[in-house]
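Listed below, chain by chain, are the residues.
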Amino acid sequence: MTAAPRVVVVGGGLSGLTAAYQLSLDLPDAQVTVLEASAAPGGALHTVDFPSGPMELGAEAFIGRRPEASALVAELGLADSLRHPGTLGSAILTGGRVVAMPPGTLMGLPSDVDALSEVLGPAERAVAAREVDLPLAWEPGSDVSLGDLVAERFGPAVVARLVDPMLGGVYAARSSGLGLRQVVPGLAQALDRGAPSLTAAARELTATRTPGPVFAALDGGYRVLVDALVAASGARIRTRTRCTSLRRGADGYAVAVHADSGPSVERADLVVVAVPVPHAAPLLTAAGGLDAGDPSLSGIRTASSAVVALEIDRSAALPERSGILVATDEPVPYKAMTFTSRKWPHLDTRPGHLVRVSFGRLDDDEVLRSDDAALTRMAETGLGELCGSEPTVLHSRVRRWTDALAEIGPGHDARIAAVRAELADRLPGVELVGGATEGVGVPACIGSARAAARRLATKWQD
Ligand SMILES: Cc1cc2nc3c(=O)[nH]c(=O)nc-3n(C[C@H](O)[C@H](O)[C@H](O)COP(=O)(O)OP(=O)(O)OC[C@H]3O[C@@H](n4cnc5c(N)ncnc54)[C@H](O)[C@@H]3O)c2cc1C
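Calculation criteria
Residues numbered from 1 in each chain as written. Predicted model: local features only at pLDDT ≥ 70, side-chain atom pairs only at ≥ 80, totals over all residues. Heavy atoms only, no water. Pairing = 2+ DSSP bridges. Helix = DSSP H or I, 4+ residues; strand = E, 2+ residues; numbered from the N terminus. Axes fitted to C-alpha atoms, helices over the stretch in contact; angles between N-to-C directions. Contact = heavy atoms within 4.5 Å. Left-handed = near helix turned anticlockwise from the far one by under 90°. Nonpolar A, V, L, I, M, F, W, Y, C, P; charged D, E, K, R; others polar. Salt bridge = Lys/Arg side-chain N within 4 Å of Asp/Glu carboxyl O. Buried < 20%, exposed > 50% of the residue type's maximum accessible area, 1.4 Å probe, protein only. Core = buried A, V, L, I, M, F, W, Y, C linked by side-chain atoms within 4.5 Å. Domains from an automatic or database assignment. Buried area = accessible area lost by both parts, 1.4 Å probe. Polar contact = N/O pair within 3.5 Å; in protein donor to acceptor, adjacent residues only side chain to side chain.

Things to note about the sheet that holds strand β1 (residues 6-10)
Next, step 1: Spatial strand order, β12-β2-β1-β16-β22: five strands in an open sheet with parallel pairing. Of all the strands in the sheet, just β12 (236-238) and β22 (430-432) have a single pairing partner and so form its edges. Within this sheet the neighbouring strands show an average axis-to-axis angle of 15°, counted without direction.
Next, step 2: In terms of strand pairing, strand β16 (residues 270-273) meets β22 through three bridges, oriented parallel. Across the sheet, the residue bridging to Val 271 is Val 430, located in β22.
Next, step 3: Its contacts with the sheet put helix α1 (residues 14-26) on β1, β2 (31-35), β12 and β16, and the angle it makes with β2 is roughly 175°.

Here it is in structure tokens:
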């Protein structure tokens, strides 16, 4: 192999940029080109400028207790920019009331049913309380639908008022379509070790939680991370450049692109595909990496959502909470509100309150047909109902995220392992990364991209 491979990264979101950065470390002579269809790199990391300062329209934070994002931030010299939420807790909107998230829950799973009196009626609580005594047939290493398991054992109200609202913000899918092992790995491991019920497993995990903040964000917003990755990778970033096909030839890969200047071809020895499933699956299938009709990748469903970001006058009586999750049986059009400036003390210095209102779940996204003005109106009305009077909006922006979040179903890891094996065999030197592989979310995408880049570098150096 030549010492300086040509690398094309398809997709300039977090996954693509992280892969480019890792390749710059492992193959310093590589010529890396990142193809990004939109006007700027970053993908779902999308910080915009409000008159009062930066505001996130995509991802807002990351789980700081997972090592991947914290390590990358430190490596890029951004550790001083890390910020953590304040002490305000979140709440649930259920039965027309805003109630505190019950203590001792794990992704909405109760470890203490007595704490659920605000969210469940007496009959629903009695059903949930029996979970601890129900026999549990658990095969170590297996995986099941998280929502189905919880509904079967605790009753459907726990899913609708606790688990689905908790997961809706992160996955935008209902828990019935999500695999237990990927979404709550600790719980699956506790069951593997022999926990006799979900209550017992949740108790074990909540009792051993490390104190301290779970989440972290960056002062200046995710833009800071995107800019640092672009700079540290040294990659050529081609924005407004869409990859239209990938073809294997005698001299590596031909990556066809369409840019404002017209169509052209990039040549590559190594390719990283870092685009969401609806783009990745047809690209890899047409390239011969997967069989036409093979559902292993194309069968992964994706959810669309929209974020309305607002700055409202401080005269609004915003609840003293970090945000509100919405029970899925609640008749409001939005699924969550984050009171951004209440949640993050470093943003509580702005002239107004910063608020993000999220819309759209998988199989429940009719609301996304509304235009931007209507979504903004719904956000304002929802806030008005919570605050007692409609807020005065100082500034607002709407951003839609089409097919951005994958539904990580039961058995996902085995499915992705099979996809990777097919690709390694049929398209050597091509790696798939991103939120449909090792899991949704910033840390998972970073981990997936770094591991894939390392595999490419190792193979190239062999
Ligand atoms: C609204 C929202 C809020 C979120 N909040 C959080 C959060 O708070 N914490 C957290 O950990 N995670 C959060 N996530 C998830 C996290 O942001 C994503 O998992 C992660 O950023 C995905 O990165 P990615 O690079 O894999 O994909 P993307 O960000 O989707 O990037 C893919 C890129 O590929 C480009 N592209 C697509 N097709 C082509 C093509 N044919 N050619 C060239 N380029 C193409 C796209 O324009 C895009 O820029 C959130 C996601 C969304 C949508």
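Some remarks on the packing of α1 against helix α9 (residues 223-233)
Next, step 1: Viewed as axis vectors pointing N to C, α1 and α9 meet at an angle of 35°, and their least axial separation amounts to 8 Å. Of the two elements, α1 crosses α9, and the hand of that crossing is left-handed. Counted together, Leu 14, Leu 17, Thr 18, Ala 20, Tyr 21 and Ser 24 of α1 and Leu 225, Val 226, Leu 229, Val 230, Ala 232 and Ser 233 of α9 form the full contact between these two elements.
Next, step 2: Considering only residue class, the contact of α1 with α9 consists of nine nonpolar, three polar and no charged.

A short note on the pattern of salt bridges
Pairs can form between side chains of opposite charge whenever their charged atoms are close.
Next, step 1: On inspection of all chains with the given rule, the structure shows 30 salt bridges.
Next, step 2: Residue Asp 251 is joined to Arg 6 by a salt bridge in which the shortest nitrogen-to-oxygen separation is 3.3 Å. Taken as a pair, Asp 251 in the loop between β13 (241-249) and β14 (252-259) and Arg 6 in strand β1 lie far apart in primary sequence, 245 residues in all.
Next, step 3: A residue is classified by how much of its surface remains accessible, and Arg 6, at 21% relative accessible area, is partly exposed.
Next, step 4: The partner of Arg 420 in a salt bridge is Glu 431, with the nearest N and O atoms 3.6 Å apart. Here the residue Arg 420 occupies a position in helix α14 (residues 412-426), and Glu 431 occupies one in strand β22, the gap between them amounting to 11 residues. Side by side, Arg 420 and Glu 431 carry an identical accessibility label, which is buried.

Let's talk about the sheet that holds β13
Next, step 1: Spatially, β13-β14-β15 is the arrangement adopted by the three strands of the open sheet, whose pairing is antiparallel. Of all strands in the sheet, those with a lone pairing partner are β13 and β15 (262-268), marking the two edges. Mean inter-strand twist for the sheet, computed between neighbouring axes without regard to direction, equals 25°.
Next, step 2: When β14 meets β15, the two strands line up antiparallel, connected through seven bridges. The partner of Val 255 across the bridge, within β15, is Glu 266.

Some points on the nonpolar core
Next, step 1: Counting 71 residues, the largest nonpolar core has Val 255 and Leu 284 as its most contacted members.
Next, step 2: Of the residues forming this core, the biggest block, seven residues, is contributed by helix α5 (residues 156-171).
Next, step 3: Contacts of Leu 284, omitting those with residues within four sequence positions, involve Leu 246, Val 273, Gly 289, Leu 290, Leu 297, Leu 423, Leu 427, Val 430 and Leu 432.
Next, step 4: Residues Leu 23, Val 226, Val 433 and Ala 453 belong to the second largest nonpolar core, which totals 40 residues.

Section: the domain arrangement of the chain
Next, step 1: Looking at the assigned domains, one finds that the chain contains domain 1 (6-44 + 221-298 + 408-461), domain 2 (104-207) and domain 3 (301-406).
Next, step 2: Each of domain 1 and domain 3 was reduced to a C-alpha centroid, and the two centroids are 32 Å apart.
Next, step 3: Contacts between the two partners involve nine residues from domain 1 and, on the opposite side, five residues from domain 3.
Next, step 4: For the pair domain 1 and domain 3, the summed buried surface comes to about 490 Å²; carbon and sulfur atoms form 74% of the total.
Next, step 5: On the surface where domain 1 and domain 3 come into contact, there are zero salt bridges.
Next, step 6: Seen at the junction of domain 1 and domain 3, the total is one residue pair in polar contact (both at pLDDT 80 or more).
Next, step 7: Residue composition of the side of domain 1 that touches domain 3, by class: seven nonpolar, two polar and no charged.

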